[in-house]
Amino acid sequence: MCGIIGYTGNNQAMPVIIKGLKTLEYRGYDSSGIALSDHKNFSVFKSEGKLENLIEKTKNLNNLSETGIGHTRWATHGKTNETNAHPHTSEDGMFTVVHNGIIENAEIIKEALESKGYRFISDTDTEVIPQLLSYHYDGNVPEAMRKTFSSLDGSFAVAILCRNEPGTIYAAKRQSPLVVGKGENENLLASDICALSEHAEVFSYLEDGEFAVIRKDSINFFDSSLKPIEKSFKKITTESSDNSKGNFEHYMLKEIFQQPEKIRNLLKDKIKNKKIFLNEIAELSLDITKAERLYIVACGSAYHAALAGKFAIEEMCRIPVEVDVASEFRYRNPPVSCNTPVIIISQSGETADSIAALRLANSRGAIVIGIVNVLPSTIANESDYVIATKAGREIAVATTKGYSTQVAALYMLALHIAGIKKTLTDKQLEFFTNELIEIPEKIEKILSDSDTIENISEKYKEKKELFFIGRNTDFAAAAEASLKLKEISYINSSAFAAGELKHGTIALIENNTPVVALCSNKQLLKKTLSNIEEAFSRGADILCVCKDKTFCNKNYKTIIIPDCTDIFTPLLEIIPMQLFAYYVAKKRGCDIDMPKNLAKSVTVE
Ligand code: AGP
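What comes next is a walk through the structure. (Residues numbered from 1 in each chain as written. Predicted model: local features only at pLDDT ≥ 70, side-chain atom pairs only at ≥ 80, totals over all residues. Heavy atoms only, no water.)

**Things to note about the site of the ligand**
Here's step 1: By nearness alone, 16 residues border the ligand, and S346, Q347, S348, T351 and E487 come closest of all.
Here's step 2: Within the side chain of K484, an N or O atom sits 2.9 Å from an oxygen atom of the ligand.
Here's step 3: When the free accessible area of the ligand is taken as 410 Å², the share hidden by the protein chains comes to 91%.
Here's step 4: Because more than half of its atoms lie within 2 Å of the grid, the ligand is assigned to the second largest pocket.
Here's step 5: Those elements that place two or more of their residues in the shell around the ligand are α9 (300-317) and α16 (473-489).
Here's step 6: Split by residue class, the shell around the ligand holds six nonpolar, eight polar and two charged. (Near = heavy atom within 4 Å. Polar contact = N/O pair within 3.5 Å; in protein donor to acceptor, adjacent residues only side chain to side chain. Areas by Shrake-Rupley, 256 points an atom, 1.4 Å probe, with all protein chains shown as cover. 1 Å grid on protein atoms, 1.4 Å probe; cavity = no way out; pocket = protein on both sides within 12 Å on 5 of 7 lines; lining within 4 Å. Sits in = over half its atoms within 2 Å of the grid points. Helix = DSSP H or I, 4+ residues; strand = E, 2+ residues; numbered from the N terminus. Nonpolar A, V, L, I, M, F, W, Y, C, P; charged D, E, K, R; others polar.)

Structure representation (structure tokens):
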């Protein structure tokens, strides 16, 4: 999930590249680098750590080069240090490259080149690319690329500079995203369209196996056998969303507070005759109502959204739903067919495992519905139908509005299908639709009391571990609550089905073990309270999230959320849990928007 940007045009390349890297920093930020192509050689600058270190290193540089490439790294091979930062340059100085992806046969290639006298200086898989280009190079760069990339296994999005070809950027793509942008006497390429939008007017995504040769006045595409190909360009319409933090200290807090507006926006023009109707899948409706099973496949928080959506679809549509993490789904030979539509959920639309799952589903003849935030993106482009979650650009690595709009989209899908299948009466459809319409205001009510959550979070800042428990829809929210806490505060936390605690994990409960119990599902409240009591009687320190504390033991600290129908509870109870994670992490002095080891879009498997 590294960030790649390349620029060639009439402007000085460095400021354009640095600015592009700033928009890409959320993709990976353990090191960064830039290569500028001048007529004699490359000027390469690399820094460990955040992008600001590279900016500091190059701020007094008056490099007038008009062509260059840049990279922000999320390490897959080799420690996070300056040597392993990209760009990587061939030993003879002929090629320098930046790469996103994993070269799976790098070790074998490295050994073969070392046996021919090549010396390597980094621990990365990427370094084999410039060395192999140099090995195959006899003056013809595309030919050297053809030989190089046909010998690589794995995934790559690569931008290349050749010392003999100043003013030209070469690109190659397999599985990892790469998009080319065309401007006025300037052309660019990047791993994410948001890095292009200031200079390019139109864009074209490279497909697997394609090469591009980019100069300031021309862009040429080739297939892997170097046959020229024509590619269409589309107008860039990325919403010019406000990318500032506004009055918020962190992007994450801003995005938490954006959720009511984003869910309202998602619901807008989706309601006809007081019922949900999704035009995006209008023509699909008949097939999906005959489905023998639905798969929902995703990663991380998107997977947790799927857990919440499962309850709604099964309850309202009476269709079995199988929820899978994409990295498992793609390798378990699932019985997918034309009768089992597959829903792929992804905020970024570029998650490698989710793309692989989509392609597996496609290969088995299944209809694929993408529930995606970033458009265009690989998952959006390759889905048969797309439900856009319209969360706007999400900059914090820990998703909040991305997740909640995914859950809302799944609830809308459930109501759409139930309306077509008539598994709910019009009265029921109207009831659930109204419940959904009221969610944003209820979220605002929770957000208006964020100080309470901040005060509650104080005592957790030193904790080493924390358990989240819940049943049914509460468990779906508990899974997401746990991920939020651990990924930004680094406190080891786990989520358990409340009824499962007594089957082993309760052995870990001792005096003052913090347990956060999500018990907003009213139908199951008494059952969950029994499980909470089992933990409490063993010394656990209980924090409850519920709609009504009447039944809660007075010894439990409680967070009360507004009432709503049980099936939609995750959309409400996740809000105090997002705030809880945020304030605990803030009190621990963590880097909330860019947590260590993480990246916003995991484009490697
Ligand atoms: C969520 O806070 C994480 N950043 C991560 O789990 C994320 O949800 C996951 O990587 C899936 O990303 P996607 O939605 O872009 O596919």
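Still more ground to cover, so stick around.
**Some details on the packing of α9 against α16**
The description of two packed helices rests on the angle between their axes and on the distance between the axes.
Here's step 1: At their nearest, the axes of α9 and α16 sit 8 Å apart, and the two run at 170° to each other. Relative to α16, the element α9 is oriented roughly antiparallel. On α16, the residues that touch G300, S301, H304, L307, A308 and F311 of α9 are T473, F475, A476, A479, E480, L483 and K484.
Here's step 2: Its residues assigned to classes, the contact of α9 with α16 comprises seven nonpolar, four polar and two charged. (Axes fitted to C-alpha atoms, helices over the stretch in contact; angles between N-to-C directions. Parallel < 35°, antiparallel > 145°, perpendicular 65-115°, else oblique. Contact = heavy atoms within 4.5 Å.)

**Brief notes about the nonpolar core**
Here's step 1: Judged by nonpolar contacts, the single largest core of 93 residues is most densely connected at M316, L436, F568, M577 and F580.
Here's step 2: The contact partners of M577, leaving out residues within four places of it in the chain, are F468, A481, V516, L518, V545 and I559.
Here's step 3: Among the nonpolar cores identified, the runner-up in size contains 29 residues, and V97, L113, L132 and V158 belong to it. (Core = buried A, V, L, I, M, F, W, Y, C linked by side-chain atoms within 4.5 Å. Buried < 20%, exposed > 50% of the residue type's maximum accessible area, 1.4 Å probe, protein only.)

**A closer look at the sheet that holds strand β26 (residues 541-546)**
Here's step 1: With parallel pairing, the five strands of this open sheet are ordered in space as β24-β23-β25-β26-β27. In this open sheet, the two edge strands, each paired with only one partner strand, are β24 (492-497) and β27 (557-560). Each neighbouring strand pair of the sheet contributes to a mean axis angle of 20°, computed without reference to strand direction.
Here's step 2: With six bridges connecting them, strand β23 (residues 465-470) and β24 associate as parallel partners. Looking at the pairing, F467 lines up with S494 of β24.
Here's step 3: Across the sheet, helix α17 (residues 525-536) lies against β23, β25 (514-518) and β26, angled at about 165° from β26, the strand it touches most.
Here's step 4: Across the face of the sheet, helix α18 (residues 569-587) comes into contact with β23, β25, β26 and β27 while running at roughly 135° to β26. (Pairing = 2+ DSSP bridges.)

**Examining the side chain of T528**
Here's step 1: Residue position: T528 is located in helix α17.
Here's step 2: Take T528: its relative accessible area is 0%, and that puts it in the buried class.
Here's step 3: Every residue in contact with T528, bar those within four places of it in the chain, is listed here: R471, A498, L518 and C519.

**Quick look at the sheet that holds strand β4 (residues 67-73)**
Here's step 1: Read from one edge to the other, the open sheet built from eight strands follows the order β3-β2-β4-β1-β10-β9-β11-β15, with strand pairing classed as antiparallel. Strands at the two margins of the open sheet, each flanked by one partner only, are β3 (42-48) and β15 (234-235).
Here's step 2: Relative to β4, strand β1 (residues 3-9) runs antiparallel, the two being bridged by six bridges. The partner of I4 across the bridge, within β4, is H71.
Here's step 3: Across the face of the sheet, helix α2 (residues 51-58) comes into contact with β2 (31-37) and β3 while running at roughly 135° to β3.

**What about the packing of helix α4 (residues 128-136) against helix α5 (residues 141-150)?**
Here's step 1: Direction vectors running N to C along α4 and α5 enclose 130°, while the axes themselves pass 8 Å from each other. Considering their axes alone, α4 and α5 lie oblique with respect to each other. The chirality of how α4 crosses α5 is right-handed. Contacts from I129, L132, L133 and H136 of α4 reach α5 at A144, M145, K147, T148 and F149.
Here's step 2: Among the residues making up the contact of α4 with α5, the classes are represented as six nonpolar, two polar and one charged. (Left-handed = near helix turned anticlockwise from the far one by under 90°.)

**Remarks on empty space enclosed by the protein**
Here's step 1: According to the stated counting rule, one finds one cavity of 30 Å³ or more in the structure shown.
Here's step 2: When its volume is computed, the largest cavity comes out at roughly 60 Å³.
Here's step 3: Lining the largest cavity we find C2, R73, W74, T76, H77, H86, H99, N100, G101, T124, D125 and T126. (Points joined across faces, edges and corners; volume = space filled by probe spheres on them.)

**A look at the packing of aromatic side chains**
Here's step 1: Enumeration over the complete set of coordinates arrives at 15 aromatic pairs.
Here's step 2: Ring geometry for F432 versus F568: centroids 6.0 Å apart, planes at 70°, classification edge-to-face. With a gap of 136 residues between them, F432 in helix α14 (residues 426-447) and F568 in the loop between β27 and α18 connect regions that are remote in the sequence.
Here's step 3: Judged by relative accessible area, which is 0%, F568 ranks as buried.
Here's step 4: When the ring of F467 is compared with that of F496, the centres are 5.9 Å apart and the planes differ by 45°; the resulting orientation is tilted. Linking F467 in strand β23 with F496 in strand β24, this pair joins segments that are 29 residues apart in sequence.
Here's step 5: By relative accessible area, which is 4% here, F467 ends up buried.
Here's step 6: Through pairs of rings, three or more aromatic residues link up here, namely Y411, F431, F432 and F568.
Here's step 7: If you follow K596 out to its NZ or CZ, it ends over the ring of Y490, 4.2 Å from the centre. (Phe/Tyr/Trp six-rings, centres within 6.5 Å; stacked < 30°, edge-to-face > 60°. Lys NZ or Arg CZ within 6 Å of the ring centre and 35° of its normal.)

**Considerations on the pairing of strand β19 (residues 321-325)**
Here's step 1: One ladder, built from five bridges, connects strand β18 (residues 294-298) with β19; its direction is parallel. Across the sheet, residue Y295 finds its bridge partner in β19, namely E322.

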